[in-house]
Amino acid sequence: MAKIDEAFELQNSELLETVLSDNLSNPEYSRYEEYVLKLARQLIIENQLDFASKASLAIIDRNLENFEAVDLYSSINRALSEEEAARRKKRFSTAWTK
């Protein structure tokens, strides 16, 4: 799990994807997914949505049947879309009032 920790610390999605891919045949692979999701949820609490999204997508790319990862990814992307819409609205209203 040290490599997963390193990937999260560096926010390196390529390293995370490599670690997951290298361990797909590991009988304990589900524990890797669980650990990645745990760390991704922690990132959400810290409002680091971009890497949390990439981490959940890395799981989905290797296991489409991990519905927890799919739900997390969907929720993160919905939140990112809402943040972007709020930024656009704020820019528009600020520009309009000048």
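Since we're looking at a predicted model, the values are computed, not measured.

A. Focus on unusual backbone geometry. Despite not being glycine, glutamine 11 has its phi angle at roughly 50 degrees, a positive value. Here glutamine 11 is to be found in the loop between helix 1 (2–10) and helix 2 (13–22).

B. The arrangement of the side chain of serine 53 in detail. For serine 53, the location among the structural elements is in helix 4 (residues 49–62). Sequence-distant contacts of serine 53, that is, excluding residues within four places in its chain, are made with Tyr73, Ile76, Asn77 and Leu80.

C. Structural context of the packing of aromatic side chains. In this structure the tally under the stated criterion is 2 aromatic pairs. Considering the side-chain rings of phenylalanine 8 and phenylalanine 51, the 5.1 Å spacing of their centres and the 90 degrees angle between planes classify their relative orientation as edge-to-face. Highlighted residues: phenylalanine 8 in helix 1 and phenylalanine 51 in helix 4, separated in sequence by 43 residues. Pairing tyrosine 29 with tyrosine 32 gives two aromatic rings, centres 6.5 Å apart and planes at 15 degrees, and the pair type is stacked. Linking tyrosine 29 with tyrosine 32, this pair stays in helix 3 (residues 29–45), spanning 3 residues, or about one helical turn. Of the residues examined, tyrosine 32 reaches a relative accessible area of 13% and is grouped as buried.

D. The nonpolar core, seen in detail. Membership of the largest hydrophobic core comes to 24 residues, with the highest contact counts inside it found for Ile4, Phe8, Leu16, Leu20 and Val36. Residues contacting leucine 20, with those up to four places away along its chain left out, are Tyr29, Tyr32, Val36, Ala58, Ile59 and Arg62.

E. Up close: the side chain of asparagine 23. For asparagine 23, the position within the fold is in the loop between helix 2 and helix 3. On the basis of relative accessibility, which here comes to 15%, the residue asparagine 23 falls in the buried class. In contact with asparagine 23, not counting residues within four places along its chain, are Tyr29 and Tyr32.

F. Region of interest: helix 4. Helix length check: helix 4, at 14 residues, gives a terminal C-alpha distance of 20 Å against a target of 20 Å (1.5 Å per residue), a fit within 8%. What helix 4 keeps buried is the set Leu49, Phe51, Ala52, Ser53, Ala55, Ser56, Ala58, Ile59 and Ile60.

G. Representation of the confidence of the model for the protein in the model. Mean pLDDT over the protein stands at 93; residues scoring 70 or higher make up 95%. Per-element confidence in the protein ranges from a low mean pLDDT of 86 for helix 5 (residues 67–97) to a high of 98 for helix 2.

About the criteria used
- The written sequence of each chain sets the order in which its residues are numbered from 1.
- Only residues with pLDDT of at least 70 get local features here, since the model is predicted, and only at 80 or more are side-chain atom pairs given and counted; chain-wide, interface and lining totals rely on the full set of residues.
- Only hydrogens and water are set aside when side-chain values are computed; all heavy atoms of the structure are taken into account.
- For the purposes of this entry, the term helix denotes a DSSP run of H or I that reaches at least four residues, the term strand denotes a run of E that reaches at least two, and both are numbered from the N terminus.
- The criterion used for residue contact is that any of the two residues' heavy atoms lie within 4.5 Å.
- Any Phe, Tyr or Trp ring, taking Trp's six-membered ring, that has another such ring centre within 6.5 Å forms a pair; planes under 30 degrees apart are called stacked, those over 60 apart edge-to-face, and the others tilted.
- Burial classes: relative accessible area under 20% of the type maximum marks a residue as buried, over 50% as exposed, and values in between as partly exposed (1.4 Å probe, protein chains only).
- Buried residues of nine kinds, namely Ala, Val, Leu, Ile, Met, Phe, Trp, Tyr and Cys, make up a nonpolar core once their side-chain atoms join them within 4.5 Å.
- One less than the residue count of a helix, multiplied by 1.5 Å, gives the span that helix is expected to have.
- Each residue gets a pLDDT score, which is the predictor's confidence in that residue and runs from 0 to 100.

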